[in-house]
Amino acid sequence: MSVQTGLVFLGVSVVCSVAVGALLKAGRARGLDVRQAIFMNYVVASSLCAWLLRPDIPRLFEPGQPWGIFLALGVLLPSVFLLLARSLHEAGLARTDAAQRLSLIIQIITTFVWFGEPLTARKLLGVGLALGAMACLLTRSGRGGARKGHGAGSWIWPLTVLLGYGVIDILFKQMAKAGAAFPGGLLAAFALAGVLMLGYLAVVRVRWGAGHLLAGVLLGGLNFANIYTYIRAHQSLPGNPALVFSSMNMGVIVGGTLLGAWAFREPLGRLNWLGVALALGAIGAMMPA
């Protein structure tokens, strides 16, 4: 696949990720039970995966398939969603958003240490610009209302979000190496995530509501498109994981920042606009020469 194809997949993934965040934010303001929406999201994502990708299930049971990755994703996907909701409650939107995007640090480290991508001066510049962009874009006075900000929850829960998203993105990169078996692995991860969420909702005895489930249908479509195109971007750009990791995070932050200013009337300062410019510079520096 060409670099241009990989960038198209990456762009679609960014748009879908921003849309997921906007849906959850708007839904919370209107009393959406995120837990029910997350469950239905995995039902829809599993259905779309089976219908559109037509996974070769017998191939999953051939020797050498990365079942550890498939199962780990099935457990982590719903768990990190729930940790995200708890972090939003305990630490507020600003700290949680920062932690989610700072997972880029974990991804970048593994890119050069684990995946063996060569560290050039240009890529090092891109990493520096990306971290500077995050610092500028996530500095928003009065954003999202962190609660008291001094208890243990103000850093423990965001830390779990940071670690969780960092590990999930690395696992998606590993899943991209599964080749023809990756659709089946994706279906296995979605299905396990849905079963675990259903078990959780049964334990807490949730009161089901049609509106929450309908929101989950939309969430599932966007989430499936986000994850599928993200994995395809990794497959299209196998020698540039730093580009995929950085562009995804920068794209989501810039898109979320601009959407927040336009749709949710979140104020932007000069530092935030500087962050947008730095993010674009980081993506440009990461591009293959």
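This one's a predicted model, so the numbers in the text were calculated from it and none came from an experiment. (Residues numbered from 1 in each chain as written. Predicted model: local features only at pLDDT ≥ 70, side-chain atom pairs only at ≥ 80, totals over all residues. Heavy atoms only, no water.)

### Here we look at the overall build of the protein
Our working definition: A run of DSSP states H or I qualifies as a helix once it reaches four residues; a run of E qualifies as a strand once it reaches two. Both are numbered from the N-terminal end. Buried, partly exposed and exposed residues are distinguished by accessible area as a fraction of the type maximum, computed with a 1.4 Å probe on protein chains only: under 20%, between the cut-offs, and over 50%, respectively. Throughout, a residue-residue contact means that at least one pair of heavy atoms, one from each residue, lies within 4.5 Å.
The helix and strand tally for the protein stands at 11 helices and 0 strands. Counting from the amino terminus, helix and strand elements in the protein follow one another as α-α-α-α-α-α-α-α-α-α-α. Each of the 289 residues in the protein was classed as buried or not, and the buried ones make up 52%. Partitioning the intrachain contacts of the protein with sequence separation of at least 6 by distance along the chain shows that 89% fall at a separation of at least 24.

### Brief notes about a nonpolar patch on the surface
Here is the rule: Residues form patches when they are more than 30% accessible in relative terms and have no salt bridge. Like charges link within 9 Å. Nonpolar side chains (Val, Leu, Ile, Met, Phe, Trp, Tyr) link within 5 Å. Accessible surface area values rest on a Shrake-Rupley calculation with a 1.4 Å probe, where residue burial reflects the displayed protein chains alone. Just to be clear on terms, a salt bridge is a Lys or Arg side-chain nitrogen sitting within 4 Å of an Asp or Glu carboxyl oxygen.
On the surface, Leu102, Ile105, Ile109, Val113, Trp114 and Leu131 cluster together into a nonpolar patch covering about 580 Å² of accessible area. With 3 residues, the single largest contributor to the nonpolar patch is helix H5 (residues 104-113). One can find Val113 in helix H5.

### Concerning the packing of aromatic side chains
Defined as follows: Only Phe, Tyr and Trp rings are paired, with Trp represented by its six-membered ring, and only when their centres lie within 6.5 Å; those with planes under 30 degrees apart are stacked, over 60 edge-to-face, the remainder tilted.
The full count for this structure, using the stated rule, is 9 aromatic pairs. Between Phe182 and Tyr228 the ring centres are 6.2 Å apart and the planes differ by 15°, which places this aromatic pair in the stacked class. A residue pair is termed long-range when its members are at least 10 positions apart, and Phe182 in helix H8 (residues 182-204) and Tyr228 in helix H9 (residues 210-236) qualify at 46 residues. Assessed through its relative accessible area of 4%, Phe182 is described here as buried. A ring pair is formed by Phe224 and Tyr228, whose centres lie 5.9 Å apart and whose planes are at 10°; its orientation type is stacked. Here the residue Phe224 and the residue Tyr228 both occupy positions in helix H9, the gap between them amounting to 4 residues, near one helical turn. A relative accessible area of 6% places Phe224 in the buried class. Grouped by ring-pair contacts, the aromatic residues Tyr42, Phe81, Phe182, Phe190, Phe224 and Tyr228 constitute a single cluster.

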